[in-house]
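# Structure at a glance
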Amino acid sequence: MDLQWKEIEKNLSELLDPLGLECYPFKIGWYNEKVQAAFRLNLPDDTLAFVVISTPKMFDSAFKPYIWRENCLGSGDLLDRCMRHYFGVIRELFADTSVDCIHDYELNHSRRPKILVQTAAHVAGAVYYYQRSDVENPPWKPEQKMYGVCIHPRYGGWFAIRGVVIFRNIEVPELEQRLPPDVISDNQKRIELLEQFNFNYQDWQFRDAVFPAERYSEQQKEYFITPPLERTKLIEKIMSERPSSVDILC
């Protein structure tokens, strides 16, 4: 079984790495231990899962080629469509086993997230999920809502968690947990990070909590800060950049 999950990880990485996506394994039990009952997944504790994150490279390596291939000019969130496509490729790659893909934006019938991707990424060791509970003597009033923020050891905040892939029929009791790197150990810096994220999200500063190996391009930043229904001109510009021969992975 040890070889089986490592082979799965190898195949997943070979698919995702060229697309600017990364995957990290975890056990469902690790996730369930950290979340409230309403968010727990009804699966055995040793069930194998992977969290998938996008790096700055994803925009040029996966998203733009997807737009070029699909001739995307319509409304809606094209990035969500792009991720659905590649998660579908994951299902095809492992068509001989039972695979569930849960996207970061999916809600259940009660309008709750199907999975808390920040917690999944933390227990997988991909990123550190900094929350109010990580701060000693927090300076905020008890009623002040402070949302947590994930920081990647290489990319800082210049990444996104795209979802989780669950192998329902594969259990990995031997999988050892890798703790996420705590890259912001100073209490004051944790306070500053949470305040930057909660109060000044759109100025991008929280993403530089650690010096990143790579940041989003200016075009990528412009895309993300523009509301989906106002992205027509941006998409047209991306379409105008289409090379004569498009190398589409998957």
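To start, this report covers the structure provided alongside it. (Residues numbered from 1 in each chain as written. Predicted model: local features only at pLDDT ≥ 70, side-chain atom pairs only at ≥ 80, totals over all residues. Heavy atoms only, no water.)

The next subject is the sheet that holds strand 6 (residues 160–171). Strands in a sheet are paired, the pairing made by backbone hydrogen bonds, and the direction either parallel or antiparallel. Within the open sheet, the 4 strands sit side by side as 1-2-6-3. Their pairing is antiparallel. A strand with exactly one partner marks an edge of an open sheet, and here the two such strands are strand 1 (21–27) and strand 3 (99–103). Going across the sheet, the axis of each strand differs from the next one's by a mean of 20°, ignoring polarity. One ladder, built from 7 bridges, connects strand 1 with strand 2 (residues 47–54); its direction is antiparallel. The partner of tyrosine 24 across the bridge, within strand 2, is valine 51. (Pairing = 2+ DSSP bridges. Helix = DSSP H or I, 4+ residues; strand = E, 2+ residues; numbered from the N terminus. Axes fitted to C-alpha atoms, helices over the stretch in contact; angles between N-to-C directions.)

In this section: the pattern of salt bridges. Overall, the coordinates contain 13 salt bridges when judged by the stated rule. In this structure, glutamate 14 engages lysine 10 in a salt bridge whose closest nitrogen and oxygen atoms are separated by 2.8 Å. Taken together, the residues span about one helical turn, with glutamate 14 and lysine 10 both in helix 1 (residues 2–16) at a distance of 4 residues. Given the relative accessible area of 43%, lysine 10 is considered partly exposed. Between aspartate 60 and lysine 64 there is a salt bridge, with the nearest N and O atoms lying 3.2 Å from each other. In this pair, aspartate 60 and lysine 64 both sit in helix 3 (residues 58–70), 4 residues apart, roughly one turn of the helix. Salt bridges sharing common partners tie together Asp60, Lys64, Lys237 and Glu241. (Salt bridge = Lys/Arg side-chain N within 4 Å of Asp/Glu carboxyl O. Buried < 20%, exposed > 50% of the residue type's maximum accessible area, 1.4 Å probe, protein only.)

Attention shifts here to the environment of valine 99. Examined against the element boundaries, valine 99 turns out to sit in strand 3. Looking at valine 99, the relative accessible area reads 13%, which means it is buried. Sequence spacing of valine 99 and arginine 168 is 69 residues, and the spatial spacing of their C-alpha atoms is 6.1 Å. With residues near it in sequence (within four places) discarded, valine 99 still touches Arg91, Phe94, Val165, Ile166 and Phe167. (Contact = heavy atoms within 4.5 Å.)

By the secondary structure assignment, glycine 29 is in helix 2 (residues 28–34). For the pair glycine 29 and arginine 40, spaced 11 residues apart in sequence, the C-alpha to C-alpha distance is 9.0 Å.

Most of strand 3 is tucked away, with 4 of its 5 residues classed as buried. Bridge count between strand 3 and strand 6: 5 bridges; the pairing is antiparallel. Considered in strand 6, the bridge of cysteine 101 is made with valine 165.

This part is about helix 7 (residues 218–225). Among all positions in helix 7, only Gln219, Gln220, Lys221 and Tyr223 are buried. The inward-facing, buried residues of helix 7 abut helix 3, helix 4 (78–93) and helix 8 (232–240).

Before going further, it helps to spend a moment on the packing of helix 3 against helix 4. Running from N to C, helix 3 and helix 4 point in directions that differ by 95°, and their axes come no closer than 10 Å. It follows that helix 3 is roughly perpendicular to helix 4 by the angle criterion. Contacts from Met58, Ala62, Phe63, Tyr66, Ile67 and Arg69 in helix 3 reach Leu78, Leu79, Arg81, Cys82, Met83, His85 and Tyr86 in helix 4. In the contact of helix 3 with helix 4, the residues fall into 10 nonpolar, 1 polar and 2 charged. (Parallel < 35°, antiparallel > 145°, perpendicular 65-115°, else oblique. Nonpolar A, V, L, I, M, F, W, Y, C, P; charged D, E, K, R; others polar.)

The interhelical angle for the contact between helix 7 and helix 8, taken along N-to-C directions, is 150°, at an axis separation of 10 Å. With respect to helix 8, the element helix 7 is oriented roughly antiparallel. Considering the relative orientation of helix 7 and helix 8, their crossing is left-handed. When helix 7 is examined against helix 8, the residues Gln219, Glu222 and Tyr223 are found in contact with a partner set consisting of Leu234, Ile235, Lys237 and Ile238. (Left-handed = near helix turned anticlockwise from the far one by under 90°.)

Within this structure, the stated rule accounts for 15 aromatic pairs. Taking the centre distance of 5.1 Å and the plane angle of 85° together, the rings of phenylalanine 94 and phenylalanine 167 count as edge-to-face. You can see phenylalanine 94 sitting in the loop between helix 4 and strand 3 and its partner phenylalanine 167 sitting in strand 6, a full 73 residues away along the chain. Note on accessibility: phenylalanine 94 and phenylalanine 167 belong to one class, buried. On the numbers, 5.4 Å between centres and 50° between planes, the contact of tyrosine 216 with phenylalanine 224 is tilted. By relative accessible area, which is 6% here, tyrosine 216 ends up buried. For phenylalanine 224, a relative accessible area of 26% puts it in the partly exposed group. Sitting over the ring of tryptophan 158, arginine 207 keeps its end group 5.6 Å from the ring centre. Taking NZ or CZ as reference, arginine 231 lies 4.0 Å from the ring centre of tyrosine 223, over its face. (Phe/Tyr/Trp six-rings, centres within 6.5 Å; stacked < 30°, edge-to-face > 60°. Lys NZ or Arg CZ within 6 Å of the ring centre and 35° of its normal.)

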